[in-house]
Structures are given as structure tokens and as C-alpha cells.
Amino acid sequence: MNKIRFAANQDTNYVFHMLAVAKCGYDNEYSAKYCVLYPTEDLSVIKRHEDLLTVCGGQHCGQLFDLMVSQPACARISAKAYYHGLILLGNEILNGNIPEYVDKSLIPYTEIIIELSEIMVKHYDNYIETIWEHEKAKIEQYIPELSDLFESTLFSEKAENLVGLLESDSFTATLVTSVAGGAEAIDISNDQDVFGIERTHTDAFYFIGHEFIIYLLMKALRHANAFNSFETWCLTEGLAEYYLKRIMGDTRFFNQQQQYVAFYEELSNSNSLSASALYEAALEQFINKRNP
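If you're wondering where the values come from, they're calculated on a predicted model, not measured in any experiment. (Residues numbered from 1 in each chain as written. Predicted model: local features only at pLDDT ≥ 70, side-chain atom pairs only at ≥ 80, totals over all residues. Heavy atoms only, no water.)

Caption draft 1: Structural detail: empty space enclosed by the protein. Scanning the model with the defined rule gives 2 cavities of 30 Å³ or more in all. In terms of lining residues, the largest cavity is bounded by Val15, Met18, Leu19, Ile46, Leu53, Met68, Val69, Tyr83, Leu116 and Met120. Contributing elements (two or more residues each) for the lining of the largest cavity: α1 (10–21), α5 (65–73) and α7 (110–130). For the lining of the largest cavity, the element with the highest residue contribution is α1, accounting for 3 residues. Here the residues of the lining of the largest cavity are counted per class, giving 10 nonpolar, no polar and no charged. Lining the second largest cavity, in full, are Tyr142, Leu146, Phe195, Gly196, Arg199, Ala204, Phe207 and Ile208. Within the residue set of the lining of the second largest cavity, elements represented by two or more residues are α8 (132–153) and α10 (201–220). Considering each element in turn, the lining of the second largest cavity owes the most residues, 3 residues, to α10. In terms of residue class, the lining of the second largest cavity is made up of 6 nonpolar, 1 polar and 1 charged. (1 Å grid on protein atoms, 1.4 Å probe; cavity = no way out; pocket = protein on both sides within 12 Å on 5 of 7 lines; lining within 4 Å. Points joined across faces, edges and corners; volume = space filled by probe spheres on them. Helix = DSSP H or I, 4+ residues; strand = E, 2+ residues; numbered from the N terminus. Nonpolar A, V, L, I, M, F, W, Y, C, P; charged D, E, K, R; others polar.)

Caption draft 2: Structural view of the environment of Gly96. Relative to the assigned elements, Gly96 resides in the loop between α6 (79–94) and α7. Assessed through its relative accessible area of 53%, Gly96 is described here as exposed. (Buried < 20%, exposed > 50% of the residue type's maximum accessible area, 1.4 Å probe, protein only.)

Caption draft 3: Representation of the layout of surface pockets in the model. Each pocket or cavity is described by its volume, and for the second largest pocket that value is around 290 Å³. Contributing to the lining of the second largest pocket are 15 residues, with Leu67, Leu89, Val102, Asp103 and Leu106 lying nearest its centre. Elements with a minimum of two residues in the lining of the second largest pocket: α5, α6 and α7. Ranked by the residues each element gives to the lining of the second largest pocket, the list is headed by α6, at 4 residues. Taken together, the residues of the lining of the second largest pocket break down into 9 nonpolar, 4 polar and 2 charged.

Caption draft 4: Layout of the packing of helix α11 (residues 233–248) against helix α12 (residues 258–270). As a packed pair, α11 and α12 sit with axes 8 Å apart at the nearest point and diverge in direction by 60°. In this view, α11 runs oblique relative to α12, as classed from their interaxial angle. The interaxial crossing formed by α11 with α12 has right-handed handedness. Within the contact between the two elements, α11 uses Cys234, Leu235, Gly238, Leu239, Glu241, Tyr242 and Lys245 and α12 uses Gln258, Tyr260, Val261, Tyr264, Glu265 and Ser268. A per-class count over the contact of α11 with α12 returns 7 nonpolar, 3 polar and 3 charged. (Axes fitted to C-alpha atoms, helices over the stretch in contact; angles between N-to-C directions. Parallel < 35°, antiparallel > 145°, perpendicular 65-115°, else oblique. Left-handed = near helix turned anticlockwise from the far one by under 90°. Contact = heavy atoms within 4.5 Å.)

See the structure below:
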């Protein structure tokens, strides 16, 4: 059974829309088209905190990325309601009332969080009323052919047979229209990832397939501390590409990880090794020997 689902969600799209119009991590045709609709002073606030709000695979994760981007993009509640809640909580903190559940490391950013949240609340309704339906149509037109590729190839079943079972019942690729040229394949929950729609369907098939395997590896390597450091990012990305190549016969992206693919292939030629055994061997070869 295919476990890869596709979604067009208005709240996920709104969060990344606002990053794009502020040219915060994204600067593309979409940014140019829509940025003229917003006050310069609002966009400059978002842009000023770019380092806090953005991610770069294997290199950087902004201090406020999870709170201000990832969590509202999950769309468990509307983004407007989410940011409104942050404003209320922030004001409580400024008044000295700090709930136990609050991440103490984020308290110094309280005024920034309130300022950003006010901007996100301010422009939400207009986006839903005047922009979303147009962008939603693009995504809904893009999904069917991509979904058919995963269905017809039994990709998720083959990947699980090689790597191990997915942690959850399904994996959701949430598609957005604003992230061309910037970071994507962004995991915003334990079963949801954000992708753009600018690639051909075949390229998207490879790209999303790679990320699905990453999610399988999160479970398969859960005892190996494989995802706790940027230092080992190359090893897990290379391992995902190794499995993708076993399924597809080739790869299309992550060319900088091909040395690790070759390493895993060489090991597998003479041994039948699990994902964790392959990873541990690469860790010893490429990390531990370099850092004795």
C-alpha cells in the first residue's frame, strides 16, 4: 500500500508565502509577484530576523524556526489562531507570568516573537481571501501525475522492505508554491514534509522519494544518534541516496553525497547489512577516524 500522501494546505502555504514575500530564505519570481502587496516595514521585520527563521540542510537551523515556521506550518490549527496564541503568551511572559511548558531558551526572543506574530496575524485573512485559491489550483493540478508515479511503482512498499517500516501510518508531502530556489524538503512534523512544485514530476518523484527514505531512516537509525548533529548529515543523506539507487537504479540529486553511496555499495557487495550497520560503518570511516 502506498504510504505517500500529497496535500495542498492553506496554512502551510501562508507561512512560506510570508517568508517568500519578505525574501527571507526565498527570493524568486513568486517573491517579486506578491511582495508589492505588503507594507515595506512589515516585510523588513521578517527579513531582519532571517537567520532566526530559516534552515539550511545540514548546516543551520534558526533558533525560532520550529516555533515560528515549523509548528504553524503543520496546520493543526489555523496559522492565524496559532500566531494569535503566541501574542497572548508573549505578553504573559513580558508581564512575568511564565508557564512551565515554555522553552526557557526562547524567552529572550519574546518581543521578536510578538512582533513577528502580529505581522502574520495581520495579513492572514487577505491571503486566504485573495491569493490562496489561485495558488491552491496550481498545486491540485500538479498532484495527480506525481501521486500516480508513487502508486504505480510501489515505491513506499519497496523502500520499507529495504530500510524498515515508517514510524507513522503515512508520510505527507505538503506542497507549496513559494519556495523555488530556497530550502525545501523541510520536515515540519514526524510525518510531514514541505516541497515546492517547480520540478518536473519525474524529478519530484526522485526528490520526494529520497526524503521518504530519510523518514524511514529516522526510525531505522533511532539508536544510532544519526540525526543529532550536522556533522553526520552527509552520512544519512548518502545512505538515503544508496537506498534510492537500489530502488530506482540511479539518482538525480545530492551529487555531493556520491562518495558515501559508493562506500555503502562496496560494503553491500560482500555483506547483507542493515541500515544501522551501514551507517555505523560509515561513521567509523568518515567521522571517527577524522576525529580520534
